[in-house]
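# Working through the structure, step by step
Read off the chains here:
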Amino acid sequence: MSGDKTVKLPRKTYEKELLRLQTELVKLQEWVRAEGARLVVVFEGRDAAGKGGTIKRVTEHLNPRVARIAALPRPTERQRTQWYFQRYIEHLPAAGEIVLFDRSWYNRAGVEHVMGFCTEEEYELFLRQCPLFERMLVEDGILLRKYWFSVSDEEQQERFRRRLQDPLRRWKLSPMDLESITRWEDYSRAKDEMMVHTDITEAPWYVVESDDKRRARVNMIAHLLASVPYGDVPPPVIELPERPESTGYRRPPRELRTYVPDHAAGL
């Protein structure tokens, strides 16, 4: 059963393993901070492939000052005139930092190319420059990991339906998502072409099968942990000081402050 990708990972098994992996992610974070390492994790894949949910689980217990998410909006008019990779460089980590790219410079090889948001010349230039760019990152000491979340067309369609029916997730369903349904094969061809040019030895692509979100999350996190040579960092010795004796401070009367109503009392 454990090796059958068509069987969803049981919730209890998933939650137990996820907690264990998240504990290891905290150790990874402390190692990155202590060693002054720089870790970049790229999350790519089709719409509704499960990237966002996985990123949430990765960062859930991490220090946002160490591990941050880079989810860039559309480029400004000024940024459109810059070297394509320039605005992404601004978000690369300094020593002791982890950056998770919720979509990345690979927008050019995917949505921009398929939807005609860039010229054919810009697209071809990207395919030539991207391997060079990533080799420079790795040569400079950045730990670069690239994950492609692969979802079947049937599962993507079902996730879109659930989003449409769920008022808490309907905002996730954008016009671009709907357009991707009618351009499934175009996106498939674009992904295949991207892989041919950018699946390089220095920065290979790792494909995460994500029809089962639980399985995808633990598989991706486990792989990331196994790919980085982190170790335990002894925590600093911290002792809570004794609370000093009162010097006569008195709290102002409650009537002088405006308190939030006790909504919970009526539940």
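Below is a short write-up of the structure. (Residues numbered from 1 in each chain as written. Predicted model: local features only at pLDDT ≥ 70, side-chain atom pairs only at ≥ 80, totals over all residues. Heavy atoms only, no water.)

### With respect to a negative patch on the surface
There is a patch of like negative charges on the surface, built from Glu120, Glu121, Glu122 and Glu124. Mapped onto the fold, Glu124 is located in helix α6 (residues 120-139). Judged by relative accessible area, which is 39%, Glu124 ranks as partly exposed. (Patch = residues over 30% accessible without salt bridge, like charges linked within 9 Å, V, L, I, M, F, W, Y side chains within 5 Å. Areas by Shrake-Rupley, 256 points an atom, 1.4 Å probe, with all protein chains shown as cover. Salt bridge = Lys/Arg side-chain N within 4 Å of Asp/Glu carboxyl O. Lys, Arg positive; Asp, Glu negative; His and termini not counted. Charge placed at Lys NZ, Arg CZ, Asp CG, Glu CD. Helix = DSSP H or I, 4+ residues; strand = E, 2+ residues; numbered from the N terminus. Buried < 20%, exposed > 50% of the residue type's maximum accessible area, 1.4 Å probe, protein only.)

### So, the environment of Lys213
Within the fold, Lys213 resides in helix α10 (residues 213-227). Between the C-alpha atom of Lys213 and that of Gln165, which follows or precedes it by 48 residues, the distance is 19 Å. Discounting residues that sit within four places of it in the chain, Lys213 has contacts with Arg159 and Arg169. (Contact = heavy atoms within 4.5 Å.)

### Regarding the sheet that holds strand β5 (residues 205-209)
An order of β2-β3-β1-β4-β5 is seen for the five strands of this open sheet, with the pairing classed as parallel. Because the sheet does not close on itself, it has two edges, and the strands there are β2 (67-70) and β5. Taking each pair of neighbouring strands and ignoring which way they run, the sheet shows an average axis angle of 20°. Sheet analysis places strand β4 (residues 143-150) next to β5, joined by five bridges and oriented parallel. Of the residues in β5, the one forming a bridge with Phe149 is Val208. Against the sheet, α10 touches β1 (38-45), β4 and β5, its axis set at about 160° to β4. (Pairing = 2+ DSSP bridges. Axes fitted to C-alpha atoms, helices over the stretch in contact; angles between N-to-C directions.)

### Here's the deal with the packing of aromatic side chains
The geometry of two aromatic rings is summed up by the distance between their centres and the angle between their planes. Here the structure, examined in full by the defined rule, presents 17 aromatic pairs. Here the aromatic rings of Trp83 and Phe133 are separated by 6.1 Å at their centres, their planes lie at 85°, and the arrangement is edge-to-face. Within this pair, whereas Trp83 is found in the loop between α3 (77-80) and α4 (86-89), its partner Phe133 is found in helix α6, the two being separated by 50 residues in sequence. A relative accessible area of 38% places Trp83 in the partly exposed class. (Phe/Tyr/Trp six-rings, centres within 6.5 Å; stacked < 30°, edge-to-face > 60°.)

### Observations regarding the nonpolar core
Formed by 30 residues in total, the largest nonpolar core has its most connected members in Leu25, Leu28, Val41, Met220 and Ile221. Taken together, the elements giving at least two residues each to this core come down to α1 (11-35), β1, α2 (51-59), β3 (97-102), β4 and α10. At seven residues, α1 tops the list of elements feeding residues into this core. Counting residues in hydrophobic clusters, the runner-up holds 27 residues, among them Tyr84, Tyr106, Phe133 and Leu137. (Core = buried A, V, L, I, M, F, W, Y, C linked by side-chain atoms within 4.5 Å.)

### Remarks on a nonpolar patch on the surface
Among the surface-exposed residues, Trp83, Ile89 and Met136 lie close enough to one another that they form a single nonpolar patch of about 290 Å² accessible area. Among the secondary structure elements, Met136 is positioned in helix α6. Classification of Met136 as partly exposed rests on a relative accessible area of 49%.

### A short note on the pattern of salt bridges
Across all of its chains, the model carries 22 salt bridges by this definition. One salt bridge connects Asp232 with Lys27, and the closest N-O pair in it is separated by 3.8 Å. Of this pair, Asp232 sits in the segment after α10 while Lys27 is found in helix α1, placing the two residues 205 residues apart along the sequence. In this structure Lys27 comes out as partly exposed when scored by relative accessible area, which is 30%. Here Lys146 makes a salt bridge to Glu134, at a shortest N to O gap of 2.7 Å. Separated by 12 residues along the polypeptide, Lys146 in strand β4 and Glu134 in helix α6 bring together distant segments of the chain. Comparing Lys146 with Glu134 shows no difference in burial state: the two are buried.

### Comments concerning unusual backbone geometry
In the Ramachandran plot, Ala48 falls in the positive-phi region, its phi being about 65° despite a non-glycine side chain. Given a relative accessible area of 7%, Ala48 falls into the buried group. Positioned with a positive phi, Arg103 is a non-glycine residue whose angle comes to about 70°. On the secondary structure map, Arg103 appears in the loop between β3 and α5 (111-115).

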